[in-house]
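Survey of secondary and tertiary structure
So you can see what is in the structure, the chains are spelled out below.
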Amino acid sequence: MVDATMKSDAAVARGRQSSSLQRTFQRKSTIAFLMTLPLILLIAVLVIYPAFYAVHLATLNKTMERYVGFSNFLFLFKRETFWMVVWQSCIFAITAVIFKAIIGFIVAHLVHNIPSKGQRKWRGMLLIPWVIPPAMSTLAWLWLFDPSYSAFNWIFERVGISPIPWLGDVYWARFCVILVNVWIGAPFFMIMYLAALKSVPEQLYEAAKIDGANWWQTMRFVTIPMMRNIIAITALFSTIVTFANFDIVRVLTRGDPLDQTHVFATWAFRVGIEGGDIPLGASVSLFMVPILTIGAIFILRDIVKRGNEA
Amino acid sequence: MPKKRISRRRFIAGTAATAAAITAPYVSTSYAAGSLSLGMWDHWVPGGNKIFDQIAQEWAAKEKVDLTIDYLSTQGNKLLLTIAAEAQARAGHDVMDFSAWEPAQYSRQLEPVGDVMKEVLATNGPITEAMQYIGTYTGDWNVVPSTRGSLILPPCSRIDYFKQEAGIDLQAMFPAGKDPAPEAANWTWDTFLVAAEKCHKAGHSFGLPLGATTDSLDWVGSLFSAYGAALVDAKGNITVDTPEVRQVLDYSKRLYAFLPPDVASWDNASNNKWLVSGKGALIFNPPSAWVVAKRDAPDVAEKLWTHAMPKGPKGRFAPLLPRYQGLWNFSKNKSAAKSLLVHINKPDNIRKLVAGAAGYDIPPYQKLLDYKVWDDQGPPPGTLSHYPNRGDQRNVMPCSPAPPPIASQLYTNAIMPKMMVRIGRGESIDKTLAWARSEIEGYSRQ
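Everything numeric in this text was worked out from a predicted model, so none of it was measured. (Residues numbered from 1 in each chain as written. Chains lettered and ligands numbered in written order. Predicted model: local features only at pLDDT ≥ 70, side-chain atom pairs only at ≥ 80, totals over all residues. Heavy atoms only, no water.)

**Focus on the overall build of chain A**
Here is the rule: By the criteria applied, helices consist of DSSP H or I runs no shorter than four residues and strands consist of E runs no shorter than two, each listed in order from the N terminus. Only C-alpha atoms enter the radius of gyration, while the globule expectation follows 2.2 Å times N to the 0.38, with N the number of residues. Exposed residues in this analysis have more than 50% of their type's maximum accessible area, buried residues have under 20%, and partly exposed residues fall in between, with area computed by a 1.4 Å probe over protein chains only. When checking whether two residues touch, look at their non-hydrogen atoms; a contact exists if any pair is within 4.5 Å. When charges are counted, Lys and Arg contribute as positive and Asp and Glu as negative, whereas His and the chain ends are disregarded. For this purpose, a charge sits on NZ of Lys, CZ of Arg, CG of Asp or CD of Glu.
Helix and strand content of chain A: 15 helices and zero strands. Since a compact globule built from 310 residues should have a radius of gyration of about 19 Å, the 27 Å found for chain A marks it as more spread out than a globular shape. Dimensions of chain A, computed from C-alpha atoms along their principal axes, come out at roughly 110 × 75 × 35 Å. Expressed as a percentage of its 310 residues, the buried residues of chain A come to 41%. The long-range fraction of contacts in chain A, counting pairs at least 24 apart against all pairs at least 6 apart in sequence, stands at 68%. Within chain A, the 17 negative side-chain charges are centred at a point lying 8 Å from the centre of the 27 positive side-chain charges.

Written out as structure tokens, the structure reads:
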């Protein structure tokens, strides 16, 4: 009898166990986790492992034979070129993100006001700079700035304007790399802002109209507050990507003239791969991490705060 | 369970079979000597890869080696990235192609090849000093100097512009198929400066790049050598502030005024385009610019003449951009690789390589520079006749005589071209020298 009871208890326990396992697998969060698992593994292999490996490399000496702690970073802090690269990366990223945001904002409004029938066509065309592989489109820009065959200078010469040393003069070269980055990146801002604009309830605009709000007041008190989170996230994402940019500078100027267009990634490549000093190159690329982390913390904190207020 | 008995007959048959298997002669399969893989520089000249394939596969067939050759372009640094990745992973090709100062950078991962070089030097004679300097940095040879892809960058000039604007007859000074005429003694860096000014005023500036590229470094390196200016001596001492360096910088200031305004960001293709477009009167380049002009702008090509470098107070130096083949110390088939390296460097094969690349490649052995291939190129006939050294010209590796680990940093970071740009843009010599010293001090880091 006792034995029979014990057997039935065990069966119940097994049943419970299997039903709890079933429940676990039926949970949306579990399914979501399992479906994202391949991506998580991919990120672990392609992002997390290389990131930790870069940290390991940054602590080695030039010949990679012994541990030197933070010596590579301390060495960089004493280099004039390093601080120039820090300064240039900040100018490059901040200026480019500001212009991308402004242009994206204006173009998003223009597209939003196009009747829906023809809007898709414009959206598609405006996204072209963003969908072309940057190395390829930058090569086309390089030809436009070319010293011998520049199309811009050819036009200038025809109208009596002296040719411009687009990539040879420090300020023009910086202008060019920022211009190309803005050209490639502005469509991303445009599409994000357009999505945000479309999600603003029409009733808010009607209410503002009834209250007698003018265009600027509607923009300030309705549109921008409703878009704030998207603006912040887009700016954060773009800042990270722009700070880490490699292809535009590499194709257009390779850091010339006089290293004055280098950003972190291109200088890290010069020092690490071309110069054969991989630990120092790893240290240069890791220097971006604290700058971007601080920026990310501030922006994300603001978004969470606003979310809680709402 | 009944035990299986071995019959006497079966025992005898088995023993006979085993004995036959042990004593049978070794029959080689089609790839008895294993496999070998090469990561080679992808040649610019059409036909440059094909002739190498023929030579290497001919050896592979004879030695029964399964040979694979990958041609890796320097476009987008594909070759450089492959070298860096293989050195880190300690896996990949057996033999890799190296350039400039790279053998010094990777010396710890390279197998000594002194035994190969002993055989090669015995047949080919003495090697260019500059290549020996880099190849034997570790004491023994750690790479085998290559004919394929090794080049010098002498001036390639417009015959007509030089005659009209500067009054210099290049063909008379450097006649086809002959040694330079006595007038070539007047072809100095001072004459060069005067010609640069005249051509610039006529709208045909010299296309001299000053960015962080090999073309920039090479011509600037030969200018420094011509004045005896070195930033670091052979012992590693920083010798930035010397009368010779100051003299070169003073010269640079004057020359910079006659160059196109954007030379500070030119890449290795910019100077070629400058010449082929018909704008420029002179560039420093191997024959690739002329080859492209022959294809795309034949009217320009027939006015081009390759000739010797200008002479300075310390001599006439042509910048060398060497290539080498190195054997990774993690290679699984070192003996086959060494045998192949000896085969490639046999005089007959060197002859085939030079002809296959239409004279673009320069053998590093003085004894093998007597080929007619350069005299036969045209139009104009004999345009490449003075591409290899003739007369008093010698090769120099830019940034030498600095010890290779420092020289490779000077080279990669293009210190000398940057000094010229700084001076050209109005910075004082003292300030430029202080900047260079600070940069070079950083390169001595271990």
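**Observations regarding the pairing of strand S4 (residues 144-152) of chain B**
Note on strand geometry: in a regular strand, side chains alternate between the two faces of the sheet. Residue and element names in this part refer to chain B. Where we set the bar: Here, a strand pair is defined by DSSP locating no fewer than two bridges between the strands.
Taken across its nine residues, S4 has nine buried, putting it largely inside the fold. Judged from the five bridges that link them, S4 and strand S8 (residues 316-327) form a sheet pairing that is antiparallel. Bridging from a neighbouring strand, Ser 146 pairs with Arg 323 of S8.

**Re the packing of aromatic side chains**
Put simply, the rule is: To pair, rings of Phe, Tyr and Trp, with the six-membered ring standing in for Trp, must have centres within 6.5 Å; the planes then decide the type, stacked if under 30 degrees apart, edge-to-face if over 60, and tilted in the middle.
Inspection of every chain in the model, using the stated rule, returns 45 aromatic pairs over all chains. An angle of 75° between the planes, with centres 5.9 Å apart, marks the rings of Phe 105 of chain A and Tyr 193 of chain A as edge-to-face. Pair noted here: Phe 105 of chain A is in helix H4 (residues 80-112) and Tyr 193 of chain A is in helix H9 (residues 170-198), with a separation of 88 residues, a long-range link. A ring pair is formed by Phe 162 of chain B and Trp 187 of chain B, whose centres lie 6.1 Å apart and whose planes are at 65°; its orientation type is edge-to-face.

**A short note on the interface of chain B and chain A**
Selection rule: By convention, the term buried area covers the 1.4 Å-probe accessible surface removed from two parts as they join, with the contributions of both added. The working definition used for a salt bridge is a side-chain nitrogen of Lys or Arg within 4 Å of a carboxyl oxygen of Asp or Glu. Here a polar contact means two N or O atoms within 3.5 Å. Within protein one must be a hydrogen donor candidate and the other an acceptor candidate, and residues neighboring in sequence count only if both atoms are side-chain atoms.
With 36 residues of chain B at the interface, the matching set in chain A holds 37 residues. Carbon and sulfur atoms supply 48% of the area that chain B and chain A bury against each other, a total of about 3200 Å² over both sides. Where chain B touches chain A, the interface holds three salt bridges. With a shortest N-O distance of 3.9 Å, Arg 108 of chain B and Glu 65 of chain A are connected by a salt bridge. Our count for the contact surface shared by chain B and chain A stands at 15 residue pairs in polar contact (both at pLDDT 80 or more). Of all the secondary-structure elements, those providing two or more residues to the side of chain B that touches chain A are helix H3 (78-89), helix H12 (270-276), helix H17 (404-412), helix H18 (415-424) and helix H19 (429-443) of chain B. Looking at which element gives the most residues to the side of chain B that touches chain A, the answer is H19 of chain B, with five residues.

**Here's the deal with the environment of Trp 83 of chain A**
Mapped onto the elements of the fold, Trp 83 of chain A is located in helix H4. Filtering out sequence-adjacent residues up to four positions away, Trp 83 of chain A remains in contact with Leu 76, Phe 77 and Phe 287 of chain A.

**Remarks on the domain arrangement of chain B**
A common way to report how large an interface is uses the accessible area buried once the components associate. All names here are of chain B. This is how it is decided: Residue ranges assigned to the domains are those given by an automatic or database domain assignment.
Taken domain by domain, chain B consists of domain 1 (35-151 + 322-368) and domain 2 (153-320 + 382-443). With centres defined by C-alpha atoms, the gap from domain 1 to domain 2 works out at 28 Å. Across the boundary between the two partners, domain 1 contributes 16 residues, which contact 24 residues of domain 2. Buried surface at the junction of domain 1 and domain 2, summed over both partners, amounts to about 1600 Å²; 74% is from carbon and sulfur atoms. Across the domain 1-domain 2 interface, the total number found is zero salt bridges. Taken together, domain 1 and domain 2 are joined by four residue pairs in polar contact (both at pLDDT 80 or more). The set of elements that each furnish at least two residues to the side of domain 1 that touches domain 2 consists of helix H4 (102-105) and helix H6 (129-135). Tallying contributions element by element places H6 first for the side of domain 1 that touches domain 2, with four residues.

**Here's the deal with the nonpolar core**
Counted only if it meets this: By nonpolar core is meant a set of buried Ala, Val, Leu, Ile, Met, Phe, Trp, Tyr and Cys residues that side-chain atoms within 4.5 Å join together.
The biggest cluster of nonpolar side chains holds 152 residues, and the ones touching the most others in it are Trp 189, Phe 192, Phe 206, Trp 219 and Leu 231 of chain B. Residue contacts for Trp 219 of chain B: discarding those within four places in its chain leaves Trp 189, Leu 208, Pro 209, Leu 210, Leu 255, Phe 284, Pro 319 and Met 420 of chain B. Of all hydrophobic cores here, the second largest spans 18 residues; its members include Phe 92, Phe 145, Trp 166 and Ile 178 of chain A.

**Concerning the packing of helix H5 (residues 116-126) of chain A against H9 of chain A**
All names here are of chain A. Counted only if it meets this: Axis angles are defined between N-to-C directions and span 0 to 180 degrees, where every axis is a line fitted to C-alpha atoms and, for a helix, only to the segment in contact. For classification purposes, an angle smaller than 35 degrees is called roughly parallel, one larger than 145 roughly antiparallel, one from 65 to 115 roughly perpendicular, and anything else oblique.
Close contact between H5 and H9 brings their axes to 9 Å; oriented N to C, the two are set at 150°. By the angle between their axes, H5 is roughly antiparallel relative to H9. For the pair H5 and H9, the contacting residues are Gln 119, Arg 123 and Leu 126 in the first and Pro 187, Met 190, Ile 191, Leu 194 and Lys 198 in the second.

**Side note on H9 of chain A**
All names here are of chain A. For the record, the criterion: Given the number of residues in a helix, its expected span is that number minus one, multiplied by 1.5 Å. Note on bend: the value at a residue is the angle between axes fitted to the seven residues ending there and to the seven starting there.
Compared with the 42 Å implied by 1.5 Å per residue over 29 residues, the 42 Å span of H9 between its first and last C-alpha is a close match. Where H9 bends most, at Gly 185, the angle is about 35°, and the proline Pro 187 comes one to four residues later. In this structure Asp 169 caps H9, since a side-chain oxygen of it lies 3.1 Å from the backbone nitrogen of Tyr 171.

**Points about a nonpolar patch on the surface**
All names here are of chain A. Note the following rule: Nonpolar side chains (Val, Leu, Ile, Met, Phe, Trp, Tyr) are joined into patches within 5 Å and like charges within 9 Å, using only residues with over 30% relative accessible area and no salt bridge. In this description, accessible areas are obtained by the Shrake-Rupley approach with a 1.4 Å probe, and a residue is regarded as covered only by the protein chains that are shown.
Judged by side-chain polarity, Leu 39, Leu 42, Ile 43, Val 45, Leu 46, Val 47, Ile 48 and Phe 52 come together as a nonpolar surface patch covering roughly 800 Å² of accessible area. Secondary-structure assignment places Ile 48 in helix H2 (residues 28-58). According to the relative accessible area criterion, Ile 48 is partly exposed, its value standing at 41%.

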